[in-house]
Amino acid sequence: MAIERITVLISGRGSNLGALLAAQAGGTLAGAITHVISNRPAAPGLALARDAGVATSVVDHTAFASREAFERALAMEIDRSEPGLIVLAGFMRVLGAPFVSRYSGRMINIHPSLLPAYAGLHTHRRVLADGAREHGCTVHFVTADVDGGPIILQGRVDVGAGDDEAGLAARVLAVEHRVLAEAVNLFCEGRLSIAGGRVERAP
């Protein structure tokens, strides 16, 4: 079953959101981004969405006394947008198990490492510190196991001797833009399924 409506959650500049909007404008995204939600009122990505004619809203996590209260409000806002797919594109909040379960199988995330390696924060710094020769990004389904959900796609970059954190981050981000758009398109075309904890991809 094809998916038409996509809600994107962001926290910052919206770089990956911009890539999805560009793919949509170029006709290479099967679905349509109909709503963008941020947990930060000043997130620059909100302006990107508005400029593209996409509805936006803010659910500020600092306005709530608990994570549970924040997630209830966030779920209400997501449900109002009636999405078939929720995309976490630089959304910098860890989500609790009840929230994740509510959207099981239709919420995906982009993470800047080749999972399961380097889950969590500061991935580029850690890759360089370890002297790793390869780095990249992963699009995965979101589960209660943070950065541990079934992997949809990965993109890889070589790590050079002269790489610094900023340069490596920029090269990985460019790959993120491509891989996230491809994964979203596959989902929206109904070509992804989960079996035995692994993602199966139809031709």
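Before reading on, note that the structure itself is shown above.
All values derive from a computational prediction rather than experimental measurement.

**Q** Can you break down the pairing of strand E5 (residues 107–111) residue by residue, with the values?
**A** Most of E5 sits inside the fold, with five of its five residues counted as buried. A two-sided burial pattern is seen for E5, the buried positions comprising Met107, Asn109 and His111 on one face and Ile108 and Ile110 on the other. With three bridges connecting them, strand E4 (residues 85–88) and E5 associate as parallel partners. Paired with Leu88 across the bridge in E5 is Asn109. Where the polypeptide runs from E4 across helix H4 (residues 97–102) and back to E5, its parallel neighbour, the crossover connection is right-handed. Here four bridges tie E5 to strand E6 (residues 134–141), and the two strands are oriented antiparallel to one another. Of the residues in E6, the one forming a bridge with His111 is Thr138.

**Q** Summarise the packing of aromatic side chains; cite the residues concerned and give the values.
**A** What the rule picks out here adds up to three aromatic pairs. Between Phe141 and Phe187, the ring centres sit 6.1 Å apart and the planes meet at 55°, which makes this aromatic pair tilted. Of this pair, Phe141 sits in strand E6 while Phe187 sits in helix H6 (residues 165–188), placing them 46 residues apart in sequence. Grouping residues by exposure puts Phe141 and Phe187 together as buried.

**Q** Account for the side chain of Ser57, with residues named and values stated.
**A** Along the chain, Ser57 falls in strand E3 (residues 55–58). With relative accessibility at 14%, the residue Ser57 sits in the buried group. At 2.8 Å, the side chain of Ser57 and the side chain of His35 are in polar contact. Setting aside anything within four residues of it in sequence, one finds Ser57 in contact with His35, Val36, Ile37, Ser38, Leu46 and Glu77.

**Q** Please provide a residue-by-residue account of the packing of helix H5 (residues 123–130) against H6, values included.
**A** One can describe the packing of H5 onto H6 by two numbers: an axis separation of 9 Å at closest approach and a directional angle of 120°. By the angle class used here, H5 and H6 are oblique. In the crossing of H5 with H6, the sense of the turn from one axis to the other is right-handed. Between H5, through His124, Arg125, Val127 and Leu128, and H6, the contact on the second element is made entirely by Glu165, Leu168, Ala169 and Val172. For the contact of H5 with H6, the residue count by class is five nonpolar, one polar and two charged.

**Q** For the nonpolar core, give the residues involved together with the corresponding values.
**A** Counting residues in hydrophobic clusters, the biggest one holds 41 residues, and the most contacted among them are Val8, Val87 and Val184. Sorting elements by how many residues they give to this core places H6 first, with 11 residues. For Val8, the contacting residues outside a window of four places in its chain are Leu17, Leu20, Ile33, His35, Val36, Ile37, Val87 and Ala89. One finds Ile37, Val59, Ala75 and Leu95 within the second-largest nonpolar core, a separate group that totals 17 residues.

**Q** Go over helix H1 (residues 15–25) with me, naming the residues and quoting the values.
**A** Asn16, Leu17, Ala19, Leu20, Leu21 and Ala23 are the residues of H1 that are buried. The elements touched by buried residues of H1 are strand E1 (5–10), strand E2 (32–38), helix H2 (45–51), E4, E5 and H6. Downstream of H1 by one or two residues, Gly27 has phi in the positive range, about 80°.

Basis of the calculations
Residues numbered from 1 in each chain as written. Predicted model: local features only at pLDDT ≥ 70, side-chain atom pairs only at ≥ 80, totals over all residues. Heavy atoms only, no water. Buried < 20%, exposed > 50% of the residue type's maximum accessible area, 1.4 Å probe, protein only. Helix = DSSP H or I, 4+ residues; strand = E, 2+ residues; numbered from the N terminus. Pairing = 2+ DSSP bridges. Right-handed = clockwise from strand over helix to strand, strands pointing away. Phe/Tyr/Trp six-rings, centres within 6.5 Å; stacked < 30°, edge-to-face > 60°. Polar contact = N/O pair within 3.5 Å; in protein donor to acceptor, adjacent residues only side chain to side chain. Contact = heavy atoms within 4.5 Å. Axes fitted to C-alpha atoms, helices over the stretch in contact; angles between N-to-C directions. Parallel < 35°, antiparallel > 145°, perpendicular 65-115°, else oblique. Left-handed = near helix turned anticlockwise from the far one by under 90°. Nonpolar A, V, L, I, M, F, W, Y, C, P; charged D, E, K, R; others polar. Core = buried A, V, L, I, M, F, W, Y, C linked by side-chain atoms within 4.5 Å.

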